[in-house]
Amino acid sequence: MKYQVKETKDLTENEIEHILQLWDISAWNSMRSAYFRTFFKDSEFHFIMDTDENILALMRVNFDFTLKIAGTDYSFAEAVGLVSAHKKKGYGAALVRHFKENVIQRNLDTIGFCHSDLRPFYEKCSIEILHDKAKMIKESINSEWVNSEDDDILIFNASKETKELLNQLSAQNNAYLITKE
């Protein structure tokens, strides 16, 4: 197994095709590689590969992620799209461990999100979890602010101040996902 990081522009046609297959999101299934590179231009991809360069597990880092908390914008690297080609083989957990080391070495404030049923997986991977704090993040959907569907915030790497800021989120102190038009 080999850990690898690639910028979107460096992905091969086959890798893009394989990523889309693994994610299996119907709206993206017919996405062409040129559009994929534009759509995910502010991202990088982290992989566990086998000796034949086949993707065993992958996740994406979104560098275009901003939360407005108490009137101030905070930018984070957002870890998303974790998927393993084979379940229960340890590839996803291995990727999470390599990924965490990578963002700590690079000192990137990196967070992610999960549903409560995935807590045991992330706990096994030694990822700090802010329970039920993702529900305090509001997203604009059809010009209406709605609560995030996720339950928890995952801390892959963050300063003490950032953790405190995120831990203070509540029904009275929401964060708002800022999207660029």
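Refer to the structure above for everything that follows.
From a predicted model like this one, the values you see are computed outputs, not experimental measurements.

Undergrad: How do you make sense of the packing of aromatic side chains when you look at a structure like this?
TA: Enumeration over the complete set of coordinates arrives at 15 aromatic pairs. Each ring, one from Tyr35 and one from Phe39, has its centre 5.6 Å from the other, and the planes form 35 degrees; the classification is tilted. Residue Tyr35 and its partner Phe39 are located together in helix 2 (residues 33-39), separated by four residues, close to a single helical turn. Classification of Tyr35 by relative accessible area gives partly exposed; the value is 48%.

Undergrad: Is there a simple way to explain unusual backbone geometry in this structure?
TA: Across residues other than glycine, the phi torsion is negative in most instances, and most of the peptide bonds are trans. The backbone phi angle of Asp132 is positive, close to 60 degrees, even though this residue is not glycine. With respect to the secondary-structure elements, Asp132 resides in the loop between strand 6 (128-130) and strand 7 (137-141). Even without being a glycine, Asn142 presents a positive backbone phi close to 50 degrees. Relative to the helices and strands, Asn142 resides in the loop between strand 7 and strand 8 (144-147).

Undergrad: What exactly am I supposed to notice about the side chain of Lys6 here?
TA: One can find Lys6 in strand 1 (residues 2-7). Within the local environment of Lys6, its side chain forms a polar contact with the side chain of Glu15, the two groups lying 2.9 Å apart. With sequence-adjacent residues up to four places away left out, Lys6 is seen in contact with Leu11, Thr12, Glu15, Glu44, Phe45 and Phe47.

Undergrad: Looking at this structure, how should I read the pattern of salt bridges?
TA: Two side chains carrying opposite charge are able to pair once their charged atoms lie near each other. Counted by the stated rule, this structure contains 13 salt bridges. Between Asp73 and Lys68 there is a salt bridge; the shortest N-O distance is 2.9 Å. Here Asp73 falls in the partly exposed class, since its relative accessible area comes to 43%. Judged by relative accessible area, which is 31%, Lys68 ranks as partly exposed. Across the pair Arg119 and Asp152 runs a salt bridge, and its minimum N-O distance is 2.4 Å. A residue pair is termed long-range when its members are at least 10 positions apart, and Arg119 in helix 4 (residues 119-124) and Asp152 in strand 9 (residues 152-157) qualify at 33 residues. For Arg119, a relative accessible area of 17% translates into the label buried.

Undergrad: Hey, could you run me through the layout of surface pockets in this one?
TA: The method is simple in principle: a probe with the dimensions of a water molecule rolls over the atoms, and the space it marks as empty is what remains. Here the second largest pocket is characterised by a volume of approximately 160 Å³. Looking at the second largest pocket, the residues that line it are Glu13, Ile16, Glu17, Leu20, Gln21, Asn29, Met31, Arg32 and Ser33. Residue contributions to the lining of the second largest pocket peak at five residues, all from helix 1 (residues 13-23). Its residues assigned to classes, the lining of the second largest pocket comprises three nonpolar, three polar and three charged.

Basis of the calculations
Residues numbered from 1 in each chain as written. Predicted model: local features only at pLDDT ≥ 70, side-chain atom pairs only at ≥ 80, totals over all residues. Heavy atoms only, no water. Phe/Tyr/Trp six-rings, centres within 6.5 Å; stacked < 30°, edge-to-face > 60°. Helix = DSSP H or I, 4+ residues; strand = E, 2+ residues; numbered from the N terminus. Buried < 20%, exposed > 50% of the residue type's maximum accessible area, 1.4 Å probe, protein only. Polar contact = N/O pair within 3.5 Å; in protein donor to acceptor, adjacent residues only side chain to side chain. Contact = heavy atoms within 4.5 Å. Salt bridge = Lys/Arg side-chain N within 4 Å of Asp/Glu carboxyl O. 1 Å grid on protein atoms, 1.4 Å probe; cavity = no way out; pocket = protein on both sides within 12 Å on 5 of 7 lines; lining within 4 Å. Points joined across faces, edges and corners; volume = space filled by probe spheres on them. Nonpolar A, V, L, I, M, F, W, Y, C, P; charged D, E, K, R; others polar.

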